[in-house]
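These are the residues of each chain, in order.
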Amino acid sequence: MNIAAAGDGVRMTLDELRELARKKLRAVGLSTDHADAVAETMVAGERDGCTSHGIYRLLVAASSISRGVVVPDAVPVASEPAKGVVRVDGGGGFAQLAFERGLPLLVQKARDQGIAALALNHVVHFAALWPEVERLADHGLVALAFTPSHAWVAPAGGAKPVFGTNPIAFGWPRPGREAFVFDFATSAAARGEIELRRRAGEPVPGDWGVDSEGRPTTDAAAVLDGAMRTFGGHKGSALAAMVELLAGPLIGDLTSAESIALDGGRGGSPMGGELILAIDPAAFLGAALSDHMARAEAMFAAIEAQGARLPSSRRYAARRESLANGVTIPARLYDDIMRIGE
Ligand code: NDP
Ligand code: PYC
């Protein structure tokens, strides 16, 4: 591996990073097909400057495997319980391979029927959702994805965890251009962001969470031990509840409270489900498809014309830079990664 020290980090190409991730995941016992699928999302996160869900997640995945939270050689099984529904039982493995197994059927059903849903069940989830909605948008489909996590987040007006950090991702295809994509936690920040601050010894903003006594704090460790806050007060709180319902009871899977109870203090990544919706614009628009997609472009142009940016524009810029020049892994993180599987 031709890696180079760069400042207080280690610079490498994306191919080198992918190889490192696969090797380390296999070293902790993950089967090759899982290791490849999981490595891909970590590399995508690092490439796009999403460090809380980039290569740092190797530490998280290795820890979940060593704590016995993940079935490392699970074989995802796809089924079609209804005309517009694909279900993939992940068998306790990581969600990435289950998504790969369900994707072709989801795309086919969305094209055949105009709209389709994919439920991933019994999967361990630590990843960002944008790679999934972006893949669907690349197929010309509008996409939404939701997953609960572990009960770390208090409802607006409370101070005890009920919700997970419960991300919502949305993808919109833009013919000839990179898709419009957003993806964020319904908590004030992703937990991974707070974990990175704790590792770096940095404080968090005062509105991200409370300590275990319900007092506001800027201490990252105290928030992790206490309760995180939703974004946007009661609005984020309602959206977090919606994610619990859509990707929990609706698809026959766990809520964040049930998932953390199942974990039983092992500290693994959340076990549960994910719901992904795919909509084919052609089903609504038929021959008028390109006229109406052009109207969407007018809205994007109106946003950018006033200097505001589109969600995902920073990510695509980071991607171009990483593809050209590689990425730099912080020295301490690199050292921690190198110790995986030793
Ligand atoms: P952020 O608060 O960083 O928000 C990210 C989204 O908002 C991106 O789409 C980003 O685009 C966009 N955005 C940010 N700033 C602006 C701006 N000024 N103008 C326009 N758009 C903007 O994300 P979170 O920290 O909440 O979440 C990070 C990741 O964590 C997500 O990918 C999520 O899926 C993941 N996550 C996963 C969980 C799981 O259980 N699996 C749980 C919780 C989170 P851009 O990327 O271009 O900056
Ligand atoms: O960052 O909140 C988070 C998170 C939870 C599960 C995966 N990422």
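Each value, and the rule that gives it
Residues numbered from 1 in each chain as written. Chains lettered and ligands numbered in written order. Predicted model: local features only at pLDDT ≥ 70, side-chain atom pairs only at ≥ 80, totals over all residues. Heavy atoms only, no water. UniProt positions renumbered as here; feature names shortened; annotations may be inferred. Pairing = 2+ DSSP bridges. Helix = DSSP H or I, 4+ residues; strand = E, 2+ residues; numbered from the N terminus. Axes fitted to C-alpha atoms, helices over the stretch in contact; angles between N-to-C directions. Contact = heavy atoms within 4.5 Å. Near = heavy atom within 4 Å. Polar contact = N/O pair within 3.5 Å; in protein donor to acceptor, adjacent residues only side chain to side chain. Nonpolar A, V, L, I, M, F, W, Y, C, P; charged D, E, K, R; others polar.

- Under an unreviewed UniProt entry, the name given to the chain is LDH2 family malate/lactate/ureidoglycolate dehydrogenase, and the organism recorded is Sphingopyxis italica.
- Its UniProt record gives the chain a comment under Sequence similarities (unreviewed entry), which states: "Belongs to the LDH2/MDH2 oxidoreductase family."

### Looking at the sheet that holds strand E8 (residues 177–184)
Then, number 1: Within the open sheet, the 7 strands sit side by side as E3-E4-E5-E11-E6-E7-E8. Their pairing is mixed. A single partner strand is all that each edge strand has here, and the edge strands are strand E3 (77–82) and E8. Taking the axes of each pair of neighbouring strands and ignoring which way they run, one obtains an average angle of 15° across the sheet.
Then, number 2: Pairing of strand E4 (residues 85–89) with strand E5 (residues 115–124), which is carried by 5 bridges, proceeds in the parallel orientation. The residue of E5 that forms the bridge with Arg-87 is Ala-119.
Then, number 3: Contacts from helix H11 (residues 289–305) reach strand E7 (168–174) and E8 within the one sheet, and its direction differs from that of E7 by about 115°.

### Comments concerning the site of ligand 1
Then, number 1: As a matter of local geometry, ligand 1 sits amid 22 residues, with Ala-127, Asp-183, Ala-185, Ser-312 and Arg-314 nearest to it.
Then, number 2: A distance of 3.5 Å separates an oxygen atom of ligand 1 from a polar backbone atom of Ser-313.
Then, number 3: Listed by contribution, the elements that provide at least two residues to the shell around ligand 1 are E8 and helix H12 (313–325).
Then, number 4: Per-element accounting of the shell around ligand 1 gives the leading share, 4 residues, to E8.
Then, number 5: The residue inventory of the shell around ligand 1, partitioned by class, reads 11 nonpolar, 7 polar and 4 charged.

### With respect to the side chain of Ser-64
Then, number 1: With respect to the helices and strands, the residue Ser-64 is situated in helix H3 (residues 57–66).
Then, number 2: At 2.8 Å, the side chain of Ser-64 and the backbone nitrogen of Ser-269 are in polar contact.
Then, number 3: Excluding anything up to four places from it in sequence, Ser-64 contacts Val-69, Val-70, Gly-268 and Ser-269.

### What to know about the site of ligand 2
Then, number 1: As a matter of local geometry, ligand 2 sits amid His-53, Arg-57, His-125, Phe-126, Trp-152, Thr-165, Ala-190, Arg-191 and Gly-192.
Then, number 2: Within the side chain of Arg-57, a nitrogen or oxygen atom sits 3.5 Å from an oxygen atom of ligand 2.
Then, number 3: One of the backbone nitrogen or oxygen atoms of Gly-192 is found 2.8 Å away from an oxygen atom of ligand 2.
Then, number 4: Split by residue class, the shell around ligand 2 holds 3 nonpolar, 4 polar and 2 charged.

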